[in-house]
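# Per-entry structural report
Take a look at the letters that make up each chain.
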Amino acid sequence: MNAPHSSARLPAPWGRLLDRSKPPVRFSFEGRGYDGLQGDTIASALLANGRWILSRSFKYHRARGPLTLAGQDANTLVQLPDEANVLADLHPIGKGLVVTGQNCNGSLDHDRDAILGKFSRFMPVGFYYRAFFKPRGIWKRWEPFIRKKAGLGELDLAFQPRYHDKAYLFADVAVVGAGPAGLAAALAAADAGAKVLLIEQEPMLGGSLNWARFDLDGNEAEKTRLLIDRATAHPGIRVLTGAVCNAWFADNFLPIVAGARLYKARAKQCVLAAGAFDQPVIFRNNDLPGVLLASAAQRLMRLYAVAPGKRAAILTGHDDGYLAALDLLDAGVAVAALIDMRPENDLHASPWREALAKKGVRVISGSTVYEAIPGKDHGRVAGIDVRHIRAKGQVEPWGEIIACDTLLMSAGYMPAWQLPCQAGGKLSYDDASARFSLSDLPDVLTLAGSLNGLYALQNTLADGEAAGHRAAAAALSRPAAAPARALHPEAPVNYPWPIFPHPKGKEFVDYDEDLQIRDIVNATRYGYRDIQLVKRFSTVGMGPLQGRQAALPTARLVADATARTVSETGIATARPPFMPEKLAHAAGRAFTPARHTAMHRRHAEAGAQFIPAGIWLRPAYYGNPAARERLIQEEAAAVRTGVGLIDVSTLGGLEIRGPDAVELLERAYTFAFARQPVGRSRYALMTAEDGVIIDDGVCCRLGERHFYVTATTGGVDRVYRGLTKWNAQWRLDVDIANVSAAWAAVNLAGPRAREVLARVCADIDLSPEGFPYLAVRTGTVADVPARLVRVGFVGELGYEIHVPARYGEHLWDALIQAGADAGIRPFGVESQRLLRLEKGHVIIAQDTDGMTHPAEVGMGWAIARKKPFFVGKRSIEILEAQPPLRKLVGFVLPKDGPAPLEGQLILDERGDITGSITSCGDSGALGKFIGLAYCAPEQAVPGAKLPIRRESAPGGRLLAEVVALPFYDPDNKRQEL
Amino acid sequence: MPFSLLRYGLSSEPRIKPDFPPPPPLRDAYDVVIIGGGGHGVATAYYLAKHHGITSVAVLEKGYLGGGNTARNTAVIRSNYLTPESVRFYIASVNLYRDLSNELDFNIMYSERGQLTLAHTDSAVRAFRQRCEVNRHLGGRSELLDRQQIGELAPLLNLDPGRLPVLAGLWHVDGATARHDAVAWGYARGAVRRGVDFHPLTEAQDFVVEKNRVTAVKTHRGTIKCGCVVQAVAGASSILLGKLGIRAPIHTYPLQAMVTQPVKPFLTPLVSSSALHCYVQQTGRGEILIGGGSDPYPLYGARSTSDLKEGLLAHAIEMFPFLANAKLMRQWAGITDMTPDYSPIMGLSPIDNYYLDAGWGTYGFKATPICGVTMAELVASGGKAPELIRPFSLDRFSHFRQINEMGATAASH
């Protein structure tokens, strides 16, 4: 787009954020090179070069230029190579930065989809609910076409996350916003001795002091800016600039996004001084490039030294428009006219009115811009149709065309309601005075400045100071002694009805979503009267910046159309985050650790393939994945015929000690432990109150009042929590310690296990009589202290050896070495599962589900029914008195057929589902496929045929044979060797 | 361009036929009072009128139409549950959904994208195979995919997130999404056009009970006599039941979700991972919608938190690393009534004329049409539960007949 103005910048002190001593920064936009200055944003640099079209609108693809220049609208969303939807008015330029437009078909200047604007009358609000689905089935063809038009920018799908992190901050008082009110509050609180955190979104403290004008000669802001130096130098204030407080979470938990970091601040007290949103006027073509908020033009000049145009008009509903006009004149911009919506009678004499009159600026009162007229220059505003306001929202049928290349507008201010409302605040609006108020705030929150409806600088400062005092006193638990300073009376800042419908439409209420007045009004006519329904039906406020300019006009329109007040209508909820934040910010370092056992290194060296087990990693098997099945069979065979070694360190371990240790176990587990001899282990089964099996382990009695109880890898934390809770609830005297990570453990199993163990264990009698099955011993293994348990999980002679974790690797090495000539072989979880399956042992959470009670899986033997109580006893008794619903059975299938798979279904003869396979495998010891499955009780008869659903099999069924458990060594001779 | 839009655009003063007339006055008595104007409530009203000719029906809504969990859910529609009882029920729901736009003459934008659930552990593979088998056996469309097939289906997905490499995936062809608000609007419009009274901003506060029957519902706008009551108030089920002295096996938790700013479409299927407690989908508007499991602590409140968002988004990035640079636009929460077995409670309550549609946890939206059909049938028959919902009766908890869906609901909704 060609520049209507030269690229010359205004002289200093215009351009407060620029560093003119640095060389220009070259970047590109839409394939063309531009020079900006250090301190420029993408938008300010482009505007300085006369480039005003920055984006295409969401629906109609209208050319759009900046509106707020404060990152509060979607008009400046641009595309970077690796980032979509970048706010050009916030993102700094950089050398070589490649920027393009987005959401356009062709180029930004020549967007073929701009034709859509011509069809807007065919796209009434909510049209898609009424179309595209008749005749039946046609929607499937429309949908892909419509989907393709969705979205704005394009994500870089090859993007790799970069470093982001988080930090915690604590403060007595957090002050959000460092404009005049925030600065005054921070200083007052810090002077009172509070530790203050001052959070400012812009790169520089000061807020409106940096760009707004408060008086005739523009000195007031400069004088007040001294507060910035005081705040910066104050030892009690920590300043965060370029930092957005993005939400208010319960109890003043404030997420603050700054650079690549998310600060999470907890403040005893919070002062919100976040300011207000300049409000657009709603008239036809209020979105043309060159039409922008008065505050945006002031920012452009003061912060970036760019004049918004050559000949400007101003449309205002309050006095600040006059001050903006003075700024324009100072910057050398001709002011064609100032149009004041207020009727002449409401205007009072003011120094700036006189000043404008003196400079020959024409003031047209009681009037509005009815339509902005696009020029030939790619649609930039070239003139305005000014009409006298006849009544609310109505204008005279004729008016005056005034030529201008820029229009500044401001209908008033709306307090930044988002954070206060997230804190539970209620936003009210008085229709008569057009004033906002916020109430029902929690007592840890204080508002200051324009959030309290104060806009005069002296009032804002006084209010900020009072808020700082109040917050500091509350945070430091001191009596509040805030100086009560009288506030000056203020003129209203909001023009009550800055909305002027035009028969041809295009009066944009929501720029982000391309919604016009009739879209909002028609939503209510369709019957969507609630503001939330209007939002959902029309999508107002659902755009990329949550439609912050649209909130107030929408509420006004809905209130008017439904004969209610704005307070009754309310304003749609403003959800966190306040500003769009990258997912990377919330994610931080994406830390997902896995736990390694003490022997992990040895497994890796031996070629283990690991699988997750809870938060641990365990060897599944050892060797090349290509030979997986063979390796598992070999490992299993080694255990059956020689000796194998498996790392079982991930098993949970609990020390249960104290006078009531037995009592706790008796109540928490189903089995009996009262008469369990010291030096013996017992199976320990745990059920929940509904009788469902939730965990199991082995309970070793080390002393009269001392037990060591194992739990499943995934269940130990829950078991520990439960035991701790019950210990407290039942008022028992038991010390419970979760020592899972303190012990490393292995299971040395196989017919030659005793022989291998004997080589590294001299102080325990390992003979079958001296250390029988289920016995527990403490002693020394490989010169380190150890607890040993004779277990039979895999169905062979086996010793579980527990040593302090730091000796884990040492124990592993010693046993591997001791077993070398016996052919010892490490085995993994896969072969262990196969071995225990051959023995018919269930694995909790694999062979049981959230409904399994002990009788269903043949574990009735593990219940001490004579005990007066254990958790789940009542339910188990009820369940066992009912006819059983299902049963876990063993089945076999011949090896010459297809293998069964875990999760496949068991059917009955009618084809109804009666259960499923929970475990299965290829048993080397039996030469068959074996498995465990739930089925109907009548199917659970050894010798019965069990139909397994398999689509590819003849008749859709495989027929397995039910067999008695265990599959292997039914007399338990081998484990009791 | 569809004819209706052409006609609308070309007429000089387009005639607007409202979807909803202004709310009618509250009558003294209704045959049926439905408490809760969300999807379930209005669908029940719709089918009461349409299937059973019962139109003396009031739907009481304390806020606005569909403003509870109907407005807040993430609109996942699927039938790949674990138990045959659930799968039959949800298949019936999916079948109704497919035709719902034409049934309601209102485009709910039903979008059959397919749902991919990722298994990162062998126990998940086992459970997914079972769900796949049950779904296929009962007529749903599901497949178990290996890594290569997943890569072909979702090439942008990271198959090796952190310590949990993807082992397999449950591909549910019937998985779909829809415009959730439109479902409530379409049903409500159809119900109102058939004579049902919809009363927004009308909160049911208490009951008049005589001889174990609710004879009237007290609202802050007045007391309404009623023939029977249907309760469909997700998030407040236990509170309302408490007014009748009924203790429900329900714990209530917030459930949070969030969306990014809209970006150009890149993701068609709905992708979820229960091991990463996260699901990701792209809406018709181009937003990336991210959700997960319920909050860890019970609360009767829909508030957003930082910690849940942090964990959820870290996992979303593990699944799709490039999302690190996408921008979050909005986060919000709903309130979920969880039962011990993660299945709903439907049927008659211990009160003789008080019907329950409760305990919908995180899976209420996908059941909306079938809930409407079956609840209407239940009410019209005077309490005879249709076959499909008989397993979900309240007394299953005292008879140890739970319908355990815990594994099939967590984080995939």
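Quick caveat, the model's predicted, so the values are computed rather than measured.

## Quick notes on the environment of Asn459(A)
Residues and elements named next belong to chain A. You can see Asn-459 is positioned in helix H10 (residues 457-475). Looking at Asn-459, the number of C-beta atoms within 10 Å reads 22, which means it is buried. Sequence-wise, Asn-459 and Pro-180 are 279 residues apart; in three dimensions their C-alpha atoms are separated by 9.9 Å. Non-local contacts of Asn-459, meaning those with residues more than four positions away in its chain, are made with Leu-454, Leu-487, His-488 and Glu-490.

## Some remarks on the packing of helix H18 (residues 661-668) of chain A against helix H19 (residues 716-729) of chain A
Packed helices, taken two at a time, are described by their axes: the angle between them and the distance between them. Residues and elements named next belong to chain A. Running from N to C, H18 and H19 point in directions that differ by 115°, and their axes come no closer than 11 Å. As H18 runs across H19, the sense of the crossing is right-handed. Of the residues in H19, those touching H18 at Leu-664, Arg-667 and Ala-668 are Leu-723, Trp-726 and Asn-727. Classifying every residue of the contact of H18 with H19 gives four nonpolar, one polar and one charged.

## What to know about the pairing of strand S47 (residues 928-935) of chain A
It is a general feature of regular strands that their side chains alternate between the two faces of the sheet. All names here are of chain A. Among the eight residues of S47, seven are classified as buried, and the element is accordingly described as predominantly covered. Where strand S44 (residues 887-893) meets S47, seven bridges bridge the pair, whose relative direction is antiparallel. Among the inter-strand pairings, Lys-887 is bridged to a residue of S47, identified as Cys-935. Note: strand S46 (residues 913-923) against S47, six bridges, orientation antiparallel. Looking across to S47, one finds that Ser-919 is bridged to Leu-932. Between S46 and the antiparallel strand that follows it, S47, lie four residues; Gly-927 among them carries a positive phi value of about 70°.

## Describing the interface of chain B and chain A
At the interface, 77 residues of chain B touch 79 residues of chain A. For the side of chain B that touches chain A, the secondary structure elements donating two or more residues are helix H1 (3-10), helix H5 (100-104), helix H6 (122-137), helix H8 (180-193), helix H10 (306-319) and strand S14 (327-338) of chain B. Looking at the side of chain B that touches chain A element by element, the count peaks at nine residues for H6(B). Broken down by class, the residue content of the side of chain B that touches chain A amounts to 39 nonpolar, 23 polar and 15 charged. Note that strand S30 (residues 581-582) of chain A and S14(B) share two bridges and pair antiparallel. Counted as the bridge partner of Lys582(A) is Lys327(B) from S14(B).

## What to know about the domain arrangement of chain A
Looking at chain A, the domain boundaries give domain 1 (1-158), domain 2 (165-277 + 415-475), domain 3 (281-410), domain 4 (504-584) and domain 5 (884-977). Using C-alpha coordinates to define each centre, domain 3 of chain A is positioned 84 Å away from domain 5 of chain A.

## A few points about the sheet that holds strand S16 (residues 311-316) of chain A
All names here are of chain A. Pairing within the open sheet is parallel, and its five strands lie in the order S15-S23-S16-S17-S18. One side of each edge strand has no neighbouring strand; the edge strands of this open sheet are strand S15 (291-293) and strand S18 (363-365). Between one strand axis and the next, the sheet turns by 20° as a mean value, whatever way the strands run. In the sheet, S16 pairs with strand S23 (residues 406-410) via five bridges, with the strands oriented parallel. Across the sheet, residue Leu-315 finds its bridge partner in S23, namely Met-409.

Rules of the game
Residues numbered from 1 in each chain as written. Chains lettered and ligands numbered in written order. Predicted model: local features only at pLDDT ≥ 70, side-chain atom pairs only at ≥ 80, totals over all residues. Helix = DSSP H or I, 4+ residues; strand = E, 2+ residues; numbered from the N terminus. Buried ≥ 20, exposed ≤ 12 C-beta atoms within 10 Å, placed from the backbone. Contact = placed C-beta atoms within 7 Å. Axes fitted to C-alpha atoms, helices over the stretch in contact; angles between N-to-C directions. Left-handed = near helix turned anticlockwise from the far one by under 90°. Nonpolar A, V, L, I, M, F, W, Y, C, P; charged D, E, K, R; others polar. Pairing = 2+ DSSP bridges. Domains from an automatic or database assignment.

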